[in-house]
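Summary of the model geometry
Listed below are the residues making up each chain.
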Amino acid sequence: MEKIYLDNAATTALRPEVATEMMGILQNEYGNPSSSHSFGRTAKSKLELARKTIAQLLNVAAQEIIFTSGATEANNWVLQNAVTTLQVKRIITTRVEHHAVLHAVEFMQKNQEIQVDFVKIKTDGSIDINHLMELLSEEIPTLVSLMHVNNETGTILDLEEIATICKQHAVYFHSDTVQSVGKMELDLQKIPVDFMVASAHKFHGPKGVGFAFIRKGLSLKPIFHGGEQEKGIRPGTESLHNIVGMAKALQISYQNLEAERNYIQELKDYTITQLQNKFPDVAFNGSVNKALYTILNVRLPLDASKSSMLLFNLDMKGIAVSRGSACQSGSARPSHVLAAFLTQEEVLKPSVRVSFSHFNTKKEIDILIEALLAL
Ligand code: PLP
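Because the structure is predicted, anything quoted here is derived from the model rather than measured.

**Some details on the domain arrangement of the protein**
You'll often see interface size given as the accessible area lost when the parts meet. Parsing the protein into structural domains produces domain 1 (4-13 + 257-373) and domain 2 (16-255). Averaged C-alpha coordinates put domain 1 and domain 2 at centres separated by 27 Å. Contacts between domain 1 and domain 2 engage 32 residues on the former and 34 residues on the latter. Together domain 1 and domain 2 conceal approximately 2700 Å² of surface at their shared face, both sides included; 52% is due to carbon and sulfur atoms. Considering only the surface of domain 1 that becomes buried against domain 2, Leu257, Leu292 and Phe341 emerge as the three largest contributors, covering 23% of it. Along the contact surface separating domain 1 from domain 2 lie two salt bridges. Close ionic contact of Lys290 with Asp124 constitutes a salt bridge, the shortest N to O distance being 2.7 Å. Taken together, the connections running from domain 1 to domain 2 amount to 21 residue pairs in polar contact (both at pLDDT 80 or more). Among the elements of the structure, helix H8 (257-278), strand S10 (295-299) and helix H10 (336-339) are those that each provide at least two residues to the side of domain 1 that touches domain 2. Counting residues per element, the side of domain 1 that touches domain 2 draws most heavily on H10, at three residues. Tallied by class, the residues present in the side of domain 1 that touches domain 2 amount to 14 nonpolar, 14 polar and four charged.

About the cut-offs
Residues numbered from 1 in each chain as written. Predicted model: local features only at pLDDT ≥ 70, side-chain atom pairs only at ≥ 80, totals over all residues. Heavy atoms only, no water. Domains from an automatic or database assignment. Contact = heavy atoms within 4.5 Å. Buried area = accessible area lost by both parts, 1.4 Å probe. Salt bridge = Lys/Arg side-chain N within 4 Å of Asp/Glu carboxyl O. Polar contact = N/O pair within 3.5 Å; in protein donor to acceptor, adjacent residues only side chain to side chain. Helix = DSSP H or I, 4+ residues; strand = E, 2+ residues; numbered from the N terminus. Nonpolar A, V, L, I, M, F, W, Y, C, P; charged D, E, K, R; others polar.

Written as structure tokens, this is what we have:
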């Protein structure tokens, strides 16, 4: 049975060039970047080259990139520091954030007694900017945390516009850019975001590594304590093979961005057309036109009773799609993202998130649609 992977918002396949690069490090560069001998110095230079590569791709200074174990850690780190170090008294966010933000904010709310305000979500899944402005008119030391691209619907936030609004109101702005880094151009000299986070496994890099961008002048304190790595603010021996792999993956993603974006967009358009032909009453969660080219959230015109077995039935045919974020895929609970802007009746309908990469083909889409028709 041919296996079909259409869950690229959950994670992506490693690019072969990245695997080769990582293998070279694993086999040859086993020095500890903190050691002062030649093994350590070579490892350190590879580490700093990776930082420089990533910084250049985002148009920031190398010192503004701090390596972490991924985006969950980076989000928690920034959000906790906003309260403990930057002394914000309020976090403004939304109910459609990834749990790595939402649960971290809930934790802060419970343990630090900060105020949390949720920006309203419109019926197309985008944020209500007027409501955000209204919330910002209250002068409280604030951090705004809004994701760039929603991982379930693909809805894109205008990062430059929101960052500019936050600057005008003199509040900090953090963005979870996990789904956009490597898939959209990001020039951080133009976008006045204070903090953003990324995760390598979302752009065909390795799992268990990511980074935080911390704008110069904003210093964060470590969550845990140890060595002097990462200027002492994120101690622990650096995962060199992962970090070098991440830099390589990001570099290739940006080199190939235009070609891969065009290819994937065409594949997504094809999927939409085929679905509309075969299921005349199909609907899409969020605005298809405002969504990232890699994500399509489909609401199937099938009986609500089909919801629970939908993923299982597709999986039996070797097809991997998802209902929402990976941690929810196996659960029967409705998606917290869809629940934030759909009607109760719409939420109960069978929805699937199809998320694409340049490794997918039209033939795979045809097989998916056949499988959906057979449900
Ligand atoms: N934020 C978003 C939007 C995501 O899609 C994910 C991945 O599922 C994360 C955060 C968590 O990232 P990581 O797997 O690096 O912890």
